[in-house]
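Read off the chains here:
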Amino acid sequence: TINTGDLIVVDGLRGAVLVNPSPLLLDDARARAARHLAFARGLLSARDQPCVTACGVPISLKANVELPAEAILALDHGAEGIGLYRTEFLYIDRATQPTEDEQYELYRAVLEAVAPRPVVLRTFDLGGDKFASSFRLPAEMNPALGLRAVRLALSQPEVFKTQLRAMVRASVHGNLRIMIPMVASLRELREARRLLAEATAEVAARGQAYEAEIPLGVMIEVPSAAVLADLFAREAAFFSLGTNDLIQYALAVDRTNRSLAPLASPFHPAIVRLIAQVARAGAERRIPVSVCGAMASDPLAAALLVGLGLRELSMEAAAIPEIKEALRRITLKECEDAAAAALEADGADGIEEVLAKSFAPRLYDLLAADVEGAGSLL
Ligand code: PEP
Ligand code: MG
């Protein structure tokens, strides 16, 4: 329905696209864009303030990144590192797979740009909703439950090791951690670790430089991994909760189905309990646990996550100033009280109500998707 030369308004706050809007709608869109820009600039001016709760507890905010250029954007928004680097973009939209050198150069650039802050490189999370033509994967009835992510990597060990060697070589250029997506069983983590050891030995045999101890962590985004978090915590260097997929798989709601979106709530009590369980398992073994799903970029959800014990959140760079501002206004005790009440609730509505009652009056300007009247920060 869109033709060359049409005027388009992309409204990211309302999730709307207007094609050839009337002059009135266009004026309105321009005015809202200007207000939003002013609001975002106001938040961004606190970029160099530490992210601490009102009572002084530090919360580390990191960025989710897909393209190398976004690493700089992340730092500009006050990110303390890259909590999730989605490497699959390298494989998408091309007929051949990226070479080891090509990958090495990219990872190196990101690590150098962000050093000494940490960068979590996630090994390719392809398949499912992340289509990669260069793998020539057979069609599946249920791609979300099919040959994807770590399963695909383990089924093509040479392709996987090419990526791992590139990462191992890049490790000397910054503070690297490697993370495996969609892990469902300990066997997968062990296999990935074995292939990482092989890749490291291959790099060493060539006489190339590498870091010997690269932390290897797992995404907790398949319910079985959340349930087994105590076992995973014995073997993984860190956890990162991928709430986008955890919600999809725990609630059996397709994350790409718009009409089901209201069912895919991060406030579903099953999700809140799974997250609490994972946070506890990480704390018991003293391994870092972060959240890198979209849940972390919602101010009320961020408060809940802190109350559940999380001290590290990773999100799209643009959300960092807003979440920092939200957390600076509230105390850990308030977050913990809200989390305790949320763990008793029997429905998403009840949990949202608890959070709204506890925090909305102080965060109203940050919660308004449309920033009408959000003048307090300017
Ligand atoms: C997630 O599943 O929450 C996640 C962060 O990974 P992705 O959105 O890339 O699947
Ligand atoms: Mg995921």
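In case you missed it, the structure is sitting above this.
Let us look at the structure shown here. Keep in mind that what you see is a predicted model, and the values were worked out from it rather than measured. (Residues numbered from 1 in each chain as written. Chains lettered and ligands numbered in written order. Predicted model: local features only at pLDDT ≥ 70, side-chain atom pairs only at ≥ 80, totals over all residues. Heavy atoms only, no water.)

Notes on the overall build of the chain
For step 1, the next point in the chain: When you go through the chain residue by residue, the secondary structure sums to 14 helices and 10 strands.
For step 2, the next point in the chain: Its C-alpha atoms give the chain a radius of gyration of 21 Å, near enough to 21 Å, the size a compact globule of 378 residues would have.
For step 3, the next point in the chain: By principal-axis analysis of the C-alpha atoms, the chain measures approximately 60 × 55 × 45 Å.
For step 4, the next point in the chain: Burial analysis of the chain (378 residues in total) assigns 49% to the buried set.
For step 5, the next point in the chain: For the chain, the share of sequence-separated contacts (at least 6 apart) that also reach a separation of at least 24 residues comes to 68%.
For step 6, the next point in the chain: The distance from the centre of the 39 positive side-chain charges to the centre of the 48 negative ones in the chain is 3 Å. (Helix = DSSP H or I, 4+ residues; strand = E, 2+ residues; numbered from the N terminus. Rg over C-alpha atoms; globule rule 2.2 N^0.38 Å. Buried < 20%, exposed > 50% of the residue type's maximum accessible area, 1.4 Å probe, protein only. Contact = heavy atoms within 4.5 Å. Lys, Arg positive; Asp, Glu negative; His and termini not counted. Charge placed at Lys NZ, Arg CZ, Asp CG, Glu CD.)

A look at the site of ligand 1
For step 1, the next point in the chain: Within the structure, ligand 1 sits among 14 residues, and Arg86, Arg122, Lys130, Asn244 and Arg255 are positioned closest to it.
For step 2, the next point in the chain: Within the side chain of glutamate 221, a nitrogen or oxygen atom sits 3.0 Å from an oxygen atom of ligand 1.
For step 3, the next point in the chain: Take arginine 255: an N or O atom from its side chain is 2.8 Å from an oxygen atom of ligand 1.
For step 4, the next point in the chain: Contact with the protein chains covers 99% of the free accessible surface of ligand 1, which is 290 Å².
For step 5, the next point in the chain: Broken down by secondary-structure element, the contributors of at least two residues to the shell around ligand 1 are β4 (82-86) and α9 (243-251).
For step 6, the next point in the chain: Looking at which element gives the most residues to the shell around ligand 1, the answer is α9, with three residues.
For step 7, the next point in the chain: Counted by class, the shell around ligand 1 contains three nonpolar, four polar and seven charged residues. (Near = heavy atom within 4 Å. Polar contact = N/O pair within 3.5 Å; in protein donor to acceptor, adjacent residues only side chain to side chain. Areas by Shrake-Rupley, 256 points an atom, 1.4 Å probe, with all protein chains shown as cover. Nonpolar A, V, L, I, M, F, W, Y, C, P; charged D, E, K, R; others polar.)

Examining a negative patch on the surface
For step 1, the next point in the chain: The grouping of Asp298, Asp349, Glu352 and Glu353 at the surface amounts to a negative patch.
For step 2, the next point in the chain: The residue aspartate 349 is located in helix α14 (residues 348-367) in this model. (Patch = residues over 30% accessible without salt bridge, like charges linked within 9 Å, V, L, I, M, F, W, Y side chains within 5 Å. Salt bridge = Lys/Arg side-chain N within 4 Å of Asp/Glu carboxyl O.)

Some details on the packing of helix α13 (residues 332-344) against α14
For step 1, the next point in the chain: The contact between α13 and α14 brings their axes to 8 Å, and the two run at 160°. Relative to α14, α13 is oriented roughly antiparallel. Helix-helix and strand crossings are classified by hand; for α13 and α14 the assignment is right-handed. Facing α13, whose interface residues are Glu334, Cys335, Ala338, Ala341 and Ala342, α14 presents Ile351, Val354, Leu355, Ser358, Phe359 and Arg362.
For step 2, the next point in the chain: By residue class, the composition of the contact of α13 with α14 is eight nonpolar, one polar and two charged. (Axes fitted to C-alpha atoms, helices over the stretch in contact; angles between N-to-C directions. Parallel < 35°, antiparallel > 145°, perpendicular 65-115°, else oblique. Left-handed = near helix turned anticlockwise from the far one by under 90°.)

Things to note about the coordination of the magnesium ion (ligand 2)
For step 1, the next point in the chain: Each protein donor to the magnesium ion (ligand 2) is listed here as Glu221 (OE) and Asp245 (OD); together their distances run 2.0 to 2.1 Å. Pair noted here: glutamate 221 is in the loop between β7 (216-220) and α7 (223-227) and aspartate 245 is in helix α9, with a separation of 24 residues, a long-range link.
For step 2, the next point in the chain: Overall, the relative accessible area of 2% leaves glutamate 221 in the buried class.
For step 3, the next point in the chain: Classification of aspartate 245 as buried rests on a relative accessible area of 2%. (Donors = N, O, S within 2.8 Å, 3.2 Å for Na, K, Ca; no water.)

Some remarks on the environment of alanine 109
For step 1, the next point in the chain: Position of alanine 109 relative to the elements: it lies in helix α3 (residues 100-114).
For step 2, the next point in the chain: Look at alanine 109 and you get partly exposed, because its relative accessible area is 41%.
For step 3, the next point in the chain: Expressed as a C-alpha distance, the spacing of alanine 109 and alanine 252, which sit 143 residues apart in the sequence, is 38 Å.

Interpretation note: all reported values are geometric properties and have no functional meaning in isolation.
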